[in-house]
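Each chain, letter by letter, is given below.
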Amino acid sequence: DVKVTQSSRYLVKRTGEKVFLECVQDMDHENMFWYRQDPGLGLRLIYFSYDVKMKEKGDIPEGYSVSREKKERFSLILESASTNQTSMYLCASSRRGGPTEAFFGQGTRLTVV
Amino acid sequence: DQQVKQNSPSLSVQEGRISILNCDYTNSMFDYFLWYKKYPAEGPTFLISISSIKDKNEDGRFTVFLNKSAKHLSLHIVPSQPGDSAVYFCAAFYQTGANNLFFGTGTRLTVIP
């Protein structure tokens with residue numbers, strides 16, 4: 001069974017903290033994504049990676065950075081958490097080329113207080 | 001600019017009746033379309049897809065219709081069941097170096113027993 005696993009289901013962090021969200025996939029996929037989901041706004045792409053150490057900005061990269069040191073792992077970093085980053089964060093992976101479906105993790109509900 | 005739009009944020013349907021979820025897109029380069037289903041506190045799961053060379057794809061109770069001239073697709077669920085209550089996201093794909101999967105804002109379907 002294919003799997004994308006996010007390290008935490010729920011997180012509560014304080015404003016100004018550095019936050020790490022981890023994602024691991026076991027499908028040997030080249031592509032990995034970080035989205036955030038907010039009511040009425042759908043899924044918005046934060047960052048995308050198509051290979052180890054490669055990254056591309058998505059629609060809303062401000063305030064975020066990413067790291068992909070290994071093919072199976074893609075980390076999202078909130079450099080200095082703010083309350084407007086309270087959201088559901090979703091990691092996904094897909095194989096290179098297409099068309100292809102993306103497989104999602106279970107999501108991390110982050111609350112910044 | 002939102003390239004994939006779901007103009008109905010919510011839909012309520014009686015159990016056993018048909019649910020029709022709609023999606024419009026603006027980019028004529030899209031050549032593959034997907035529907036995802038999302039329960040609260042879970043990641044989206046792939047439901048059904050359609051290639052732009054087809055106008056219909058069926059999988060059990062789920063059928064997706066594509067009208068390329070109108071840049072419109074729809075998901076039909078017949079008969080609707082209470083377990084179908086979820087948020088449905090439409091997504092569109094075309095081969096590009098960066099972000100290749102574009103999501104709509106979602107429609108919350110409620111199936112009333």
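Residues numbered from 1 in each chain as written. Chains lettered and ligands numbered in written order. Predicted model: local features only at pLDDT ≥ 70, side-chain atom pairs only at ≥ 80, totals over all residues. Heavy atoms only, no water.

Visitor: What is the right way to read the side chain of His76(B) from this model?
Guide: Residues and elements named next belong to chain B. Relative to the helices and strands, histidine 76 is located in strand β8 (residues 72-77). A relative accessible area of 18% means that histidine 76 is categorised as buried. Among the polar contacts made by the side chain of histidine 76, one reaches the side chain of serine 74 at a distance of 3.4 Å. Among all residues touching histidine 76, those that are not within four sequence positions of it are Ile18, Ser19, Ile20, Arg61, Phe62, Thr63 and Phe65. (Helix = DSSP H or I, 4+ residues; strand = E, 2+ residues; numbered from the N terminus. Buried < 20%, exposed > 50% of the residue type's maximum accessible area, 1.4 Å probe, protein only. Polar contact = N/O pair within 3.5 Å; in protein donor to acceptor, adjacent residues only side chain to side chain. Contact = heavy atoms within 4.5 Å.)

Visitor: Please clarify how the interface of chain B and chain A should be interpreted in this entry.
Guide: Accessible area lost during the coming together of the parts is what is often quoted as the interface size. Contact residues are listed per partner, giving 20 residues for chain B and 27 residues for chain A. Interface of chain B and chain A: buried area, both sides summed, is about 1,700 Å²; carbon and sulfur atoms make up 62% of it. For the pair chain B and chain A, the interface holds zero salt bridges. Between the two partners, chain B and chain A, sit five residue pairs in polar contact (both at pLDDT 80 or more). Put simply, the parts of the chain that give the side of chain B that touches chain A at least two residues each are β4 (32-38), β9 (86-93) and β10 (101-103) of chain B. Among the elements that take part in the side of chain B that touches chain A, β4(B) stands out by supplying four residues, more than any other. (Buried area = accessible area lost by both parts, 1.4 Å probe. Salt bridge = Lys/Arg side-chain N within 4 Å of Asp/Glu carboxyl O.)

Visitor: What am I meant to see in unusual backbone geometry here?
Guide: If a residue is not glycine, its phi is most likely negative; likewise, a peptide bond is most likely trans. A cis geometry characterises the amide bond from Val78(B) onward to Pro79(B), with omega recorded as -15°. Mapped onto the elements, Pro79(B) comes out in the loop between β8 and β9. Even without being glycine, Asp28(A) reaches a positive phi, approximately 60°. For Asp28(A), the location among the structural elements is in the loop between β3 (19-25) and β4 (31-38). Look at Ala41(B): it is not a glycine, yet its phi comes out positive at around 60°. Take Ala41(B): it is sitting in the loop between β4 and β5 (45-51). Look at Ala41(B) and you get partly exposed, because its relative accessible area is 28%.

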